[in-house]
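Chain by chain, the residues run as shown.
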Amino acid sequence: MSTNPITVAAPRFDAEVESLVLEVLRSGRLAQGPYTERFEQLCAEMAGATHAIAVSNGTVSLEIAIEALGLGPGDEIITTPLTFAATINAALRSNVTVRLVDVTDDFTIDPAQVEAAVRSNTSAVMPVHLYGLPADMAAIGSLCAKHNLAIIEDAAQAHGATFDGKPVGSFGVGSFSFYATKNVTTGEGGVVTTNDDEIARRVRILRNQGMAAQYEYVMIGRNARMTEIQAAIGIPQLTRLAELNAKRTSNAEALRKALDGAVDGLVVPSAVDGRTHVWHQFTVLLPQGAPRDEVVAKMRESGVFPGVYYPRLVHEYDAYRGHPLIHAEGEMPVARDVTSRCVSLPVHDGLSAGDIERVAQSLLDALR
Ligand SMILES: *Cc1c(COP(=O)(O)O)cnc(C)c1O
């Protein structure tokens, strides 16, 4: 039996990536060139958006999306505490108030709670398509239209996911990450997507030191450019995105088949009608009271390395507790339950059917 370690992410690059990166090195042009343009085209296709603007990472893409919408002190964004810190950090960077509401049992923001949390200074809703599953964009779209709110999609984990056939990143201003562990990676990288010409223009300016043309500074910008090497690493993965997501989906189906109903109280994730899940993570909830640390430790001993995303609600870390710009609506019972029971199992496209069997068996053994 093979005992190679099975981890939640294991980026691999083929000969095409190697040759594209070499082409960039030999071209002598390392920034703002044809590879970045091609990367942006492919990202626009992925998101079904007219514009895609590549930036240095996914956190910066959230920050610039917020800046391009003109949000600042006094504005408020509604999002969830079941997310990576970047979601919150991006808003705080612009001194925007963050109002946190609970999620539903699909792990994405609860539209009913959003509706209840809207107030006069609310400017935007920032759904997180957590683990690769789109949030309920029909409900969010209609409540945002009703209250005249912008939508900023944190699609860092959801490359190619769709809601009612529409790709994420096309419902508002979209933000994707290409960090090393994401479904598509450039090492570090990000992209902002939008159908709005004016937002796209502002994002391009903000990314490039606030310049509308060379040395014509019209906004206070920054350097958030992507390199040609990053773009070259991403291009072949984007052209194969459907295939990569299909492999994740079949791995997720195999995990579901092996685990659903196998242990009392174990909650196994499923796709949701009308939404395509791209399985950035396959996150189960352990039975109530199961000792998660021990379960994870046992799995690791068997060579399977699950993740815990996320072990705490983000606003309850020291960095955020009592922050004047962070407001939590109530106790977040659903998200809190998730943080205490969640375990994300390896599901990525590099895993074989045999690997997936080992992952499922490892969890079952650890729970017995
Ligand atoms: C990864 C991630 C980000 C940030 O992306 P980076 O490229 O790491 O800066 C933001 N939001 C979520 C939900 C993420 O998973």
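About the thresholds
Starting from 1, residues in each chain are numbered consecutively following that chain's sequence as written. In view of the model being predicted, local features appear only for residues whose pLDDT reaches at least 70, and side-chain atom pairs are presented and counted only at 80 or more, with totals across whole chains, interfaces and linings using the full set of residues. For side-chain calculations, the full set of non-hydrogen atoms in the structure is used, while hydrogens and water are omitted. The rule for pairing is simple: two strands pair if DSSP sees at least two bridges between them. Elements are defined by DSSP. Helices are runs of H or I of four residues or more, strands are runs of E of two residues or more, and each kind is numbered from the N terminus. Only protein chains enter the accessibility calculation, which uses a 1.4 Å probe. A residue is then buried if its area is under 20% of the maximum for its type, exposed if over 50%, and partly exposed in between. The criterion used for residue contact is that any of the two residues' heavy atoms lie within 4.5 Å. Each reported salt bridge corresponds to a side-chain nitrogen of Lys or Arg within 4 Å of a carboxyl oxygen of Asp or Glu. The angle between two axes is taken between their N-to-C directions and runs from 0 to 180 degrees, where each axis is a line fitted to C-alpha atoms and a helix contributes only its stretch in contact. By construction, the arc corresponds to the directions joining the helix axis to the C-beta atoms. For this description, a residue counts as near a given molecule or strand if any of its non-hydrogen atoms is within 4 Å of it. In protein, a polar contact requires one atom able to donate a hydrogen and another able to accept it; more generally it is a pair of N or O atoms within 3.5 Å, and residues adjacent in sequence count only if both atoms are side-chain atoms. In short, Shrake-Rupley with a 1.4 Å probe defines the accessible areas, and a residue's cover is counted only from the protein chains shown. Between 30 and 60 degrees the pair is tilted, below 30 it is stacked and above 60 it is edge-to-face, where a pair is any two Phe, Tyr or Trp rings, Trp via its six-membered ring, whose centres lie within 6.5 Å.

Student: Explain the sheet that holds strand β8 (residues 166-167) to me, please; I cannot follow it from the model alone.
Tutor: Pairing between the strands of a sheet comes from backbone hydrogen bonds, and it takes one of two forms, parallel or antiparallel. Pairing is antiparallel across the open sheet formed by three strands, whose spatial order is β8-β7-β13. A strand with exactly one partner marks an edge of an open sheet, and here the two such strands are β8 and β13 (275-276). Here strand β7 (residues 162-163) runs beside β8; their pairing, made up of two bridges, is antiparallel. From the neighbouring strand, Thr162 faces β8, where its bridge partner is Pro167.

Student: It is not clear to me how helix α4 (residues 85-93) should be interpreted in this structure. Could you clarify?
Tutor: Given 3.6 residues per turn, any residue in an α-helix points the same way as the ones three and four places further on. For α4, the complete set of buried residues consists of Ala86, Thr87, Ile88, Ala90, Ala91 and Leu92. Residues of α4 that are buried in the fold lie against α3 (58-68), β3 (76-79), β4 (97-100), β6 (150-154) and β16 (326-328). One or two steps after α4, the chain reaches Asn95, where phi turns positive at roughly 55 degrees.

Student: Explanation requested: the pattern of salt bridges in the structure shown.
Tutor: Two side chains that carry opposite charge are able to pair once their charged atoms sit near each other. Counting across every chain of the model gives 18 salt bridges. In this structure, Asp349 engages Arg248 in a salt bridge whose closest nitrogen and oxygen atoms are separated by 3.6 Å. Of the two residues, Asp349 is situated in the loop between β17 (342-345) and α12 (353-367) and Arg248 in helix α9 (residues 241-259); the sequence distance between them amounts to 101 residues. One exposure class covers both Asp349 and Arg248, and it is buried. The shortest N-O distance in the salt bridge between Arg321 and Asp318 comes to 2.8 Å. Overlapping salt bridges bring together Glu63, Glu67, Arg93 and Arg222 as one network.

Student: Whenever I open this one, the sheet that holds strand β9 (residues 173-177) confuses me. Can you help?
Tutor: One open sheet accounts for eight strands, arranged β2-β10-β9-β6-β5-β3-β4-β16; its pairing is mixed. The open sheet has two edge strands with one neighbour each: β2 (51-55) and β16. Strand-to-strand twist of the sheet, defined as the mean angle between neighbouring strand axes without regard to direction, takes the value 25 degrees. Bridging between β6 and β9 involves three bridges; their strand directions are parallel. If you follow Asp154 over to β9, its bridge partner there is Ser175.

Student: How should I be thinking about helix α10 (residues 292-301) in this particular structure?
Tutor: Restricting attention to buried positions, one finds in α10 the residues Arg292, Val295, Val296 and Met299. Taken end-on, α10 shows its buried residues confined to a sector of 95 degrees, consistent with a single buried face. Residues of α10 that are exposed and angled more than 90 degrees away from the buried face: Asp293, Glu294 and Glu301. Each element contacted by the buried residues of α10 is listed here: β15 (304-305), α11 (333-341), β17 and α12. After α10 finishes, the residue Gly303 shows a positive phi value of roughly 90 degrees.

Student: For this particular structure, what's the right way to read the environment of Met46?
Tutor: Inspection of the secondary structure puts Met46 in helix α2 (residues 34-47). Sequence-wise, Met46 and Asp264 are 218 residues apart; in three dimensions their C-alpha atoms are separated by 39 Å. With sequence-adjacent residues up to four places away left out, Met46 is seen in contact with His159, Gly160, Pro167, Phe176, Phe178, Leu238 and Leu241.

Student: Explain the pairing of β2 here, please?
Tutor: Put simply, side chains in a regular strand alternate between the two faces of the sheet. For β2, a buried count of five out of five residues is recorded, marking the element as mostly surrounded by other parts of the structure. Side chains His51, Ile53 and Val55 project from β2 onto one buried face, and the interleaved Ala52 and Ala54 project onto a second face that is buried too. Of the strand pairs in this sheet, β2 and strand β10 (residues 190-194) are connected by five bridges, and their pairing is antiparallel. Residue pairing in the sheet places Val55 in a bridge with Gly190 of β10.

Student: Explanation requested: the side chain of Ser61 in the structure shown.
Tutor: Residue position: Ser61 is located in helix α3. Setting aside chain neighbours within four positions, we find Ser61 in contact with Val55, Ser175, Phe176, Gly190, Val191 and Val192.

Student: Even after reading the chapter, I still don't get the site of the ligand, so can you show me in this structure?
Tutor: Around the ligand, the structure places 15 residues, and the nearest of them are Gly58, Thr59, Asp154, Ser177 and Lys182. Within the side chain of Lys182, one N or O atom sits 2.7 Å away from an oxygen atom of the ligand. Protein coverage of the free-state accessible area of the ligand, which is 380 Å², stands at 94%. When contributions to the shell around the ligand are tallied by element, the ones reaching two or more residues are α3 and α4.

Student: I tried to follow the packing of aromatic side chains on my own but got confused; where do I start?
Tutor: The geometry of two aromatic rings is summed up by the distance between their centres and the angle between their planes. One pass over the structure, following the stated rule, counts five aromatic pairs. Judged by centre distance (5.0 Å) and plane angle (70 degrees), the rings of Phe39 and Phe178 are edge-to-face. Of the two residues, Phe39 is situated in helix α2 and Phe178 in the loop between β9 and β10; the sequence distance between them amounts to 139 residues. Phe178 carries the same exposure label as Phe39, and that label is buried. With a centroid separation of 5.1 Å and an interplanar angle of 80 degrees, the aromatic rings of Phe107 and Tyr131 are classed as edge-to-face. One end of the pair, Phe107, is in the loop between β4 and α5 (111-117); the other, Tyr131, is in the loop between β5 (122-125) and α6 (137-147), with 24 residues separating them in the sequence. Taking relative accessible area as the criterion, Phe107 reaches 10% and is therefore assigned buried.

Interpretation in functional terms is not warranted from these geometric data alone.
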